[in-house]
Each structure stands twice: as C-alpha cells, then as structure tokens.
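These are the residues of each chain, in order.
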Amino acid sequence: MGRDIVIGDIHGCLAELEALLERVELRDEDRVISVGDLVDRGPDSVGVWELFRARDNAVALMGNHERKHVRGVLSYSQEIVRLQFGPRYAAFRQWAAALPYFLETPDAIIVHGGFEAGVPLAEQREDVLAGTTSGTRHLEGLYGERYWTELYSGDKPIVFGHHVVGDSIRVWNDRVYGLDTGACHGQALSALVLPSFERVSVPAARDYWAQERQRWQVAVLRSRAWPTFSAKKLRRERDALARRSDDAELAQFTAALDAWLAEVDALVPALLDRVGARREQLRACFDDRSRRAEVAAEPFASLLFACHAGALDAASIGQQLTTPAAIVDAARAYGVDTGEASERAERLFQTEGAGLP
Ligand SMILES: [Mn+2]
C-alpha cells in the first residue's frame, strides 16, 4: 500500500523538494501531498508546480499564497511569480483556483493555515483553513493570545503548514503537526509520512527569499504600468523609490524613470502650440454653434475646448491628460515628435518574459 507523504510549505524550493522525495524513497504508489504555498518567495515556483501537475498521485491544498494569485491580490512575491510564469500564468491561476481547502485521510486532517476547534471540517471557514489575514484575525478574536494548535482536542490529528515552527516539525499535544520549517528562508523542508508519522527534514541551501527579493526588484518595477499611472500615483511611487536610493540598481532605474518623465513633460509646450494653432484653424467652427460637432470630432477635443475657453496651459493640461500615456498620445495626434519619450519607455518598461534576470 502506498504512503501519504505530506510536505510543508515548499515556496518554490524545487531542489529541496527533490531531495526530500529522495530521502523518503518515494515510490509510484505513494501520494505526495502539499499543505499549500507551493509557490512564491523561492527560486523555482514554476518547477514545483510542474512537478505536482505531472504526478498522477499528488494533491496540493490551497495556501494563502495560492489564494492571493487566484484572487488577483498581488504583492511583491506574487508579482515575481507572475513574471516567472510569463504566458503560463493564466494556466497556473486556473489550476490554483480549483485547489481544495482541506484533505481528510484515514490518518489525519490536512489543512494549510488553521482550524477552528469544535467546528466540523466541512463547516470550517475557507479563510481560516487557508490562513489568510482575515482567517487569522477570526481565530485571534476567538482565542486571543493562544494559538489554535493548543486548543484542538479532536481525535484525528491535524497536519498544517503556514506558520514557521523552526528547523524541524513541531507537534502540539501529540495531535497537531506543524510542517512549515521555513524552506524559503534557508531553514528546512519537511515531510510527515503517513501512516507511520515518521518526520523527515532536509536542510535548505540558502535564504532564497532574501536572494530572490533582491534579484527581481528591477524586473518587477519594469513590469509595472507606469505610463498609465496618474500624476499623484507616479509621484508617490517615484518618491518611494527615491527613498531607497542606496541600492545602485534601484537608483539607476529611478534616474531613467525621471529622465522619461522629463521627456514626457517636454512634449507639453509643443503640444500647447499645436493645439493653439488648430484652434485658430477651427475658429469658424467655434463661432458657429451648429458646427461645434466638427470640433468635438477632433482628436483630444477637450484640449481644443479648454484652449478656446482660455483654460489651457502647462499647469492645467493635467486636468485633461491625466497620465503620461495620454500626454504622449495627444502629442502624437497633434504631430509632435514623441520619438525620444516613446523609445525610452520601450527600453524601460517590459512586460511578459523579456529581459528577466
Ligand atoms: Mn507559507
């Protein structure tokens, strides 16, 4: 009969996963079970995903990290993984959306993040099982300072991940098994083998998250939609970058971003001239109410109307053109040479795949 090999938070640590499976002498009839958080933070989320997808006898539970991807709530570690998956990201999200929140075997109940004592498994809240912020808050509201693992008194052991417990598996009251031993932070990757409850750990090679966090920062910045940010958002993001100017790579990106913003701003005087000239050409249409529609049909007509009302200058143009992309598009529509700003944007901003570290 096959065994259940229940593995703690893998977080993209493919080498450690392979070493662990070798250590338990994995056989075809064994089932490989992940408590969730297959991806994010480690070096090879795609490889870990592929391993689970390729194996017939494998189950992954919904971790809070998968849930973030599914719900489109991307913070930094999810943005990195989105880039790592590239065109396959949609397929990954679709796969992740179908992950179960728990698995009950003859030997144990397996969840990712938490369990509310006294509530039947099928009635547990999904956010509690997955260990999201709201789920954690719910348990804290019930138990205060005490961790839920201390309060579980059911007959069937619970196996979970999510909460780093140290370099080896931790057991509460002989019935709650914490399997997250911090693989992505350079600690260990651990498995609980069922039905024997044998505990196995392999050490992690390094603090992967520290390494990946550094390695991907510029790629993630380049993938952001800077040209469509509002002036306010641009200023906020740019100032946040400037505060981290002790990092040479970030300082270089910030300087390039500033140069691009200056090039976009430099388009404005020529654009104002062209709009003014066009408004002169259309003077007859402005004077004749019945010909107003001809003005309205012009590209970026709001600029012409503002100009005609005497309300268009370098200071107020931002009310009509609220993003760098809009300024560049309007300038191009009025025949202003936008080559410099456009070419820099092409070099500076990259989406899917290109130029990743
Ligand atoms: Mn985790």
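A quick note: this is a predicted structure, and the numbers were derived from the prediction, not measured.

Novice: Could you give an account of the coordination of the manganese ion, with specific residues and numbers?
Specialist: Protein coordination at the manganese ion: the donors are D9 (OD), H11 (NE2) and D37 (OD), at 2.1 to 2.4 Å from the metal. Mapping the donors of the manganese ion onto the primary sequence yields the spacing D-x1-H-x25-D. One end of the pair, H11, is in the loop between strand 1 (4–7) and helix 1 (14–23); the other, D37, is in the loop between strand 2 (31–34) and helix 2 (45–54), with 26 residues separating them in the sequence. The exposure class of H11 is buried, given its relative accessible area of 3%. Overall, D37 belongs to the buried group, its relative accessible area being 2%.

Novice: Break down the sheet that holds strand 2 for me, with residues and values.
Specialist: Strand order across the open sheet formed by five strands is 3-2-1-9-10, with mixed pairing between neighbours. One side of each edge strand has no neighbouring strand; the edge strands of this open sheet are strand 3 (58–60) and strand 10 (198–203). Pairs of neighbouring strands in the sheet enclose a mean axial angle of 20 degrees, with direction left out of account. Sheet analysis places strand 2 next to strand 3, joined by three bridges and oriented parallel.

Novice: So what about the UniProt feature "domain: Calcineurin-like phosphoesterase" (unreviewed entry) in the protein? Which residues, and what values?
Specialist: What UniProt calls "domain: Calcineurin-like phosphoesterase" (unreviewed entry) maps, in this numbering, to residues 5–168. Taken as a whole, residues 5–168 contains 38% helix and 12% strand, while its terminal C-alpha atoms sit 16 Å from one another.

Novice: Explain the sheet that holds strand 5 (residues 109–111) to me, and be specific about the residues and the numbers.
Specialist: The strand order across the open sheet formed by five strands is 4-5-6-8-7, and the pairing between neighbours is mixed. Of all the strands in the sheet, the pair left with one neighbour each is strand 4 (102–104) and strand 7 (170–172). Shown here is a sheet whose adjacent strand axes are inclined to one another by a mean of 20 degrees, direction ignored.

Novice: Quick rundown of the nonpolar core? Include the residues and the values.
Specialist: If you look at the biggest cluster of nonpolar residues, it comprises 49 residues, and the most contacted ones within it are I7, I10, L17, F52, F115, W148 and L189. For W148, the residues in contact, after removing those within four places along its chain, are G113, G114, F115, L139, Y143, I158, F160 and V176. Counting 39 residues, the second largest nonpolar core, distinct from the first, contains V218, L221, C285 and F286.

Novice: Any chance you could break down the packing of aromatic side chains for me, citing the residues and the numbers?
Specialist: Each aromatic ring pair is described using two quantities: the centre-to-centre distance and the angle formed by the ring planes. Summed over the entire model, instances satisfying the criterion amount to 18 aromatic pairs. One aromatic cluster is present, built from ring pairs that chain together W49, F85, Y89, F92 and W95. The residue whose ring lies beneath R224 is W226, and the NZ or CZ to ring-centre distance is 5.7 Å.

Novice: Before we move on, can you summarise the packing of helix 3 (residues 64–71) against helix 5 (residues 89–97) with the specific residues and values?
Specialist: Any two packed helices are characterised by how steeply their axes cross, that is the angle between the axes, and by the distance between the axes. Two numbers describe how helix 3 lies on helix 5: the axes approach to 9 Å, and their chain directions differ by 120 degrees. The angle between helix 3 and helix 5 places the two elements in the oblique class. The two elements helix 3 and helix 5 meet at a crossing, and its hand is left-handed. When helix 3 is examined against helix 5, the residues E66, H69, V70 and R71 are found in contact with a partner set consisting of Y89, F92, R93, A96 and A97. Looking at the contact of helix 3 with helix 5 residue by residue, the class counts come to five nonpolar, one polar and three charged.

Novice: Describe helix 15 (residues 301–308), listing the residues and the values that go with them.
Specialist: Burial in helix 15 covers these residues: A301, L303, L304, A306 and C307. Looking at the buried residues of helix 15, the elements they touch are helix 12 (267–281), helix 13 (283–287), helix 14 (292–296), helix 16 (317–320) and helix 17 (324–333).

Novice: Please give an account of helix 12 that cites residues and values.
Specialist: Because an α-helix completes one turn every 3.6 residues, residues spaced three or four positions apart along the sequence face the same direction. Look at helix 12: 21 Å from first C-alpha to last across 15 residues, which is about the 21 Å you get at 1.5 Å a residue. For helix 12, the complete set of buried residues consists of L267, V268, L271, L272, V275 and R279. Seen from one end, helix 12 has its buried residues packed into an arc of 125 degrees, which puts them on one side. In helix 12, the exposed positions angled more than 90 degrees off the buried face are occupied by D273 and Q281. Contact partners of the buried residues in helix 12: helix 11 (248–265), helix 13, helix 15, helix 16, helix 17 and helix 18 (339–348).

Cut-offs used in this document
- Numbering of residues begins from 1 in every chain and follows the order in which that chain's sequence is written.
- Local features are withheld for residues below a pLDDT of 70 in this predicted model, meaning they are given only at 70 or higher, and side-chain atom pairs are given and counted only at 80 or more; totals for whole chains, interfaces and linings count all residues.
- Remark: hydrogens and water are excluded; side-chain values derive from all non-hydrogen atoms of the structure.
- Water is not part of the atom set, so a site may look incomplete; the donors themselves are N, O and S atoms within 2.8 Å of the metal, or 3.2 Å for Na, K and Ca.
- Segments assigned H or I by DSSP are reported as helices when at least four residues long, segments assigned E as strands when at least two residues long, and all are numbered from the N terminus.
- Each residue gets one of three labels from its accessible area relative to the maximum for its type: buried under 20%, exposed over 50%, partly exposed in between, using a 1.4 Å probe on protein chains only.
- We treat two strands as partners when DSSP finds at least two bridges between them.
- The axes are straight lines fitted to the C-alpha atoms, using for helices just the contacting stretch, and the angles between their N-to-C directions are given from 0 to 180°.
- UniProt positions are given in the numbering used here, feature names are shortened, and annotations may be inferred rather than shown by experiment.
- Working definition of a nonpolar core: buried Ala, Val, Leu, Ile, Met, Phe, Trp, Tyr and Cys residues. They are joined through side-chain atoms within 4.5 Å.
- Whether two residues are in contact is decided by their heavy atoms: any pair within 4.5 Å suffices.
- For Phe, Tyr and Trp, rings pair up if their centres lie within 6.5 Å, where Trp contributes its six-membered ring, and each pair is then called stacked (planes under 30 degrees apart), edge-to-face (over 60) or tilted (otherwise).
- By the criterion adopted, a ring carries a charge over it if an Arg CZ or a Lys NZ lies within 6 Å of its centre and within 35 degrees of its normal.
- The labels follow the angle: roughly parallel below 35 degrees, roughly antiparallel above 145, roughly perpendicular from 65 to 115, and oblique for the rest.
- Here a crossing is called left-handed whenever its near helix is offset anticlockwise from the far helix by less than a right angle, and right-handed whenever the offset is clockwise.
- When residue character is reported, Ala, Val, Leu, Ile, Met, Phe, Trp, Tyr, Cys and Pro are called nonpolar, Asp, Glu, Lys and Arg charged, and the others, Gly included, polar.
- For a helix, the expected span equals 1.5 Å multiplied by the residue count minus one.
- In this description, one arc is meant: the one made by directions from the helix axis to the C-beta atoms.

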